[in-house]
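# Close look at the chain arrangement
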Amino acid sequence: MGTGIDTSELKKLRQSLEKARVSDEFCKGLAKEMAARLLRKVVKRTPVGDYSDTYEFVDAGDGKFLQESGKLGGELRRAWLTENTLEVRGNGGVYTITIQNSMFYASYVEYGHRQQPGRYVPAINKKLKEPFTPGKFMLTKSEEEIRKMAPRFVEKKVEEWLMEVFNGK
């Protein structure tokens, strides 16, 4: 007389474990979501030019006169890649996303730059005073914040995924 063993639960567990293989799409999704968070932080941190006290010469037909420039800042902020253009590249378990700003002067704002005191800059209608303009480190600071929160974020996403796999949701 043999004893019967119900292995249906073990079969269900095996099926769940087979589904539990981490997919490339899951990892790319995580990387893309973290990059989107980084991008939101860096855009918020990117300074916007203030041209409220600049003037330009305008010819109204009867000679030139000064008037407020009417310039609006924000070109640097708008030059960051949008979330829709983020491309994830995976290679051997390492996923890479490049975040960049297309304005030629973005690195000067990020890291700072030397300048010649006394030089007149027409764009801002002022003479330069300091020999060095310190950087804003908008990308650097945002990356540091994302690095600190990444372990908790990834852990939460993996837990959600495991719950989905083992509870069939």
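Residues numbered from 1 in each chain as written. Predicted model: local features only at pLDDT ≥ 70, side-chain atom pairs only at ≥ 80, totals over all residues. Heavy atoms only, no water.

Examined against the element boundaries, Ser-142 turns out to sit in helix H5 (residues 138–167). Once residues within four sequence positions are removed from consideration, Ser-142 is found in contact with Leu-38, Lys-41, Val-42 and Arg-45. (Helix = DSSP H or I, 4+ residues; strand = E, 2+ residues; numbered from the N terminus. Contact = heavy atoms within 4.5 Å.)

For the coordinates displayed, the defined rule picks out 3 aromatic pairs. Between Tyr-111 and Phe-137, the aromatic rings sit 6.2 Å apart at their centres with planes inclined by 75°, giving edge-to-face as the arrangement. Of this pair, Tyr-111 sits in helix H4 (residues 106–111) while Phe-137 is found in the loop between strand S8 (132–134) and H5, placing the two residues 26 residues apart along the sequence. Phe-137 gets classed as partly exposed once you look at its relative accessible area, which sits at 30%. (Phe/Tyr/Trp six-rings, centres within 6.5 Å; stacked < 30°, edge-to-face > 60°. Buried < 20%, exposed > 50% of the residue type's maximum accessible area, 1.4 Å probe, protein only.)

A separate point is the pattern of salt bridges. It is possible for side chains bearing opposite charge to pair when their charged atoms get close. All told, the structure shown has 8 salt bridges when counted by the stated rule. Notably, a salt bridge pairs Arg-37 with Glu-33, separated by 3.9 Å at the nearest N-O pair. You can see Arg-37 and its partner Glu-33 sitting in helix H2 (residues 24–45), 4 residues apart, about one turn around the helix. Arg-37 gets classed as partly exposed once you look at its relative accessible area, which sits at 30%. The class for Glu-33 is partly exposed, based on a relative accessible area of 31%. Each of Glu-33, Arg-37, Lys-156, Lys-157 and Glu-160 takes part in salt bridges that share partners, so that together they form one network. (Salt bridge = Lys/Arg side-chain N within 4 Å of Asp/Glu carboxyl O.)

Its boundaries defined by the atoms lining it, the second largest pocket holds a volume of some 500 Å³. Around the second largest pocket, the lining comprises 21 residues; the ones closest to its centre are Ala-31, Met-34, Ala-35, Tyr-95 and Ile-146. For the lining of the second largest pocket, the elements supplying multiple residues, two or more each, are H2, strand S4 (94–96) and H5. Of the residues contributing to the lining of the second largest pocket, the split by class is 17 nonpolar, 2 polar and 2 charged. (1 Å grid on protein atoms, 1.4 Å probe; cavity = no way out; pocket = protein on both sides within 12 Å on 5 of 7 lines; lining within 4 Å. Points joined across faces, edges and corners; volume = space filled by probe spheres on them. Nonpolar A, V, L, I, M, F, W, Y, C, P; charged D, E, K, R; others polar.)

Turning our eyes to something else, we now look at the nonpolar core. Leu-39, Val-42, Trp-80, Leu-86, Ile-97, Ile-99 and Met-138 are the most contacted members of the largest nonpolar core, which totals 25 residues. Every element with two or more residues in this core is listed here: H2, H4 and H5. Ranked by residue count, the leading element in this core is H2, at 9 residues. What Met-138 contacts, discounting residues up to four positions off in sequence, is Val-42, Arg-45, Thr-46, Pro-47, Leu-76, Trp-80, Ala-106, Val-109 and Glu-110. (Core = buried A, V, L, I, M, F, W, Y, C linked by side-chain atoms within 4.5 Å.)

A word on the environment of Pro-131. When you line up the elements, Pro-131 lands in the loop between strand S7 (126–127) and S8. Judged by its relative accessible area of 49%, Pro-131 is partly exposed. Between the C-alpha atom of Pro-131 and that of Arg-114, which follows or precedes it by 17 residues, the distance is 5.7 Å.

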